[in-house]
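Structural overview
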Amino acid sequence: RIKNKQTKEKVMLVRMFNFWYFFWLVISAGATVGLYFLLRNRSEKTKKIVLGSLLFLALLVHFLKLLIPPYSINETARLRDSWFINICGANIFFFPFLFLTKNKYIKDYMFYIGLLGGGLALLYPTEALNKTIENPYVLEVVRFYFHHLTLFAVPLLMVLLGLHRPSYKRVLSCPIG
């Protein structure tokens, strides 16, 4: 904990291996495991609706971030970050639509790149590091973890729940950006 010099209140700071770092990892793991147990005995249609809805919600949140600081108060950040400027940002845009296809190569792309990109971002959260968890930036931290959890969990659950079976033979055909 650090003290906010202006209000003399204690605030939280996201740093590697501190409480908040592990807090978000535990929340992410818990959400993934919870979704698995919630969906494992459901119909294939229900599984697809829930996972697809999460992907479309992440896309909506990507654009709604323009209404919260730092994007709402910094025009440069708003213009720069409203586009899909990195692999995770591009996948936030593409994954909802890729999820709707039946193409096995595209589903493999989602699985391998989603696990790799989303998982690494959760383990090394560069955008969330050194941000205080206080208003108004708490929403930016939550958004970061929600996006990367979605990129990691949905493809993993897609496989664990039997909606897709990845092939190691097709991995070489996956574009990696």
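I will try to describe carefully the structure that is included in this document. Bear in mind the structure is a predicted one, so any value in this text is a computation, not a measurement.

1. Observations concerning the overall build of the protein
Of the regular secondary structure elements, the protein holds 6 helices and 3 strands. Each helix (α) and strand (β) of the protein, taken in turn from the N terminus, gives the series β-β-α-α-α-α-α-β-α. Counting only residues that meet the buried cut, the protein has 44% of its 177 residues in that class. Sequence-distant contacts, at least 24 apart, represent 69% of the contacts inside the protein between residues at least 6 apart. Working note: accessible area of the protein is about 10,500 Å², and carbon and sulfur atoms make up 65% of it.

2. Description of the environment of Met 110
With respect to the helices and strands, Met 110 occurs in helix α5 (residues 104–123). Given the relative accessible area of 0%, Met 110 is considered buried. Along the primary structure Met 110 and Phe 94 are separated by 16 residues, whereas in three dimensions their C-alpha atoms are 9.3 Å apart.

3. Brief notes about helix α2 (residues 44–64)
The terminal C-alpha atoms of α2, which comprises 21 residues, lie 30 Å apart, in line with the 30 Å expected from a rise of 1.5 Å per residue. Every buried residue belonging to α2 is among Lys 47, Leu 51, Gly 52, Leu 55, Ala 58, Leu 59 and His 62, and all of these are buried. Each buried residue of α2 lies within a common arc of 115° when the element is viewed along its axis, so the set occupies one face. The secondary structure elements touched by the buried residues of α2 are α1 (19–39), α3 (75–81), α4 (87–99), α5 and α6 (138–160).

4. A word on α1
Compared with an ideal rise of 1.5 Å per residue, which puts 21 residues at 30 Å, α1 spans 30 Å between its outermost C-alpha atoms and is within 8% of the ideal. Residues of α1 that are buried include every one of Trp 20, Tyr 21, Trp 24, Ser 28, Thr 32, Leu 35 and Leu 39, and no others. Take α1 and look down its axis: the buried residues cluster within an arc of 125°, on one side only. Of the exposed residues in α1, the ones pointing more than 90 degrees away from its buried face are Phe 19 and Val 26. Of the residues that open α1, the one with a side-chain oxygen 3.1 Å from the backbone nitrogen of Trp 20 is Asn 18.

5. A closer look at the pattern of salt bridges
Across all of its chains, the model carries 4 salt bridges by this definition. In this structure, the salt-bridge partner of Lys 48 is Glu 44, at a minimum N-O distance of 3.1 Å. On the criterion of helical spacing, the pair formed by Lys 48 and Glu 44 is a turn pair, its members being 4 residues apart in helix α2. When the shortest N-O distance is used, the salt bridge between Arg 143 and Glu 140 registers 2.8 Å. Taken together, the positions of Arg 143 and Glu 140, both in helix α6 and 3 residues apart, correspond to about one turn of that helix. Each of Glu 127, Glu 140 and Arg 143 takes part in a single network of salt bridges with overlapping partners.

So, how was this worked out
Residue numbers here run from 1 along each chain, matching the order of that chain's written sequence. With pLDDT at 70 or above as the cut-off, local features in this predicted model cover only qualifying residues; side-chain atom pairs require 80 or more to be listed or tallied, and sums for whole chains, interfaces and linings still use all residues. The side-chain values count all of the structure's non-hydrogen atoms but skip hydrogen atoms and water molecules. A run of H or I in DSSP becomes a helix once it reaches four residues, and a run of E becomes a strand once it reaches two; helices and strands are each numbered from the N terminus. Burial classification: accessible surface area is computed with a 1.4 Å probe over protein chains only, and a residue below 20% of its type maximum counts as buried, one above 50% as exposed, and the rest as partly exposed. Only heavy atoms matter for contacts: two residues are in contact if any of them lie within 4.5 Å across the pair. Note that accessible areas follow from Shrake-Rupley with a 1.4 Å probe, and for residues the cover is restricted to the protein chains shown. To estimate the expected span of a helix, subtract one from its residue number and multiply by 1.5 Å. The directions considered for the arc are those from the helix axis to the C-beta atoms. Pairs of N or O atoms are called polar contacts if they sit within 3.5 Å, as long as, within protein, a hydrogen donor faces a hydrogen acceptor (for residues adjacent in sequence, only side-chain-to-side-chain pairs). Throughout this description, the term salt bridge denotes a Lys or Arg side-chain nitrogen within 4 Å of a carboxyl oxygen of Asp or Glu.

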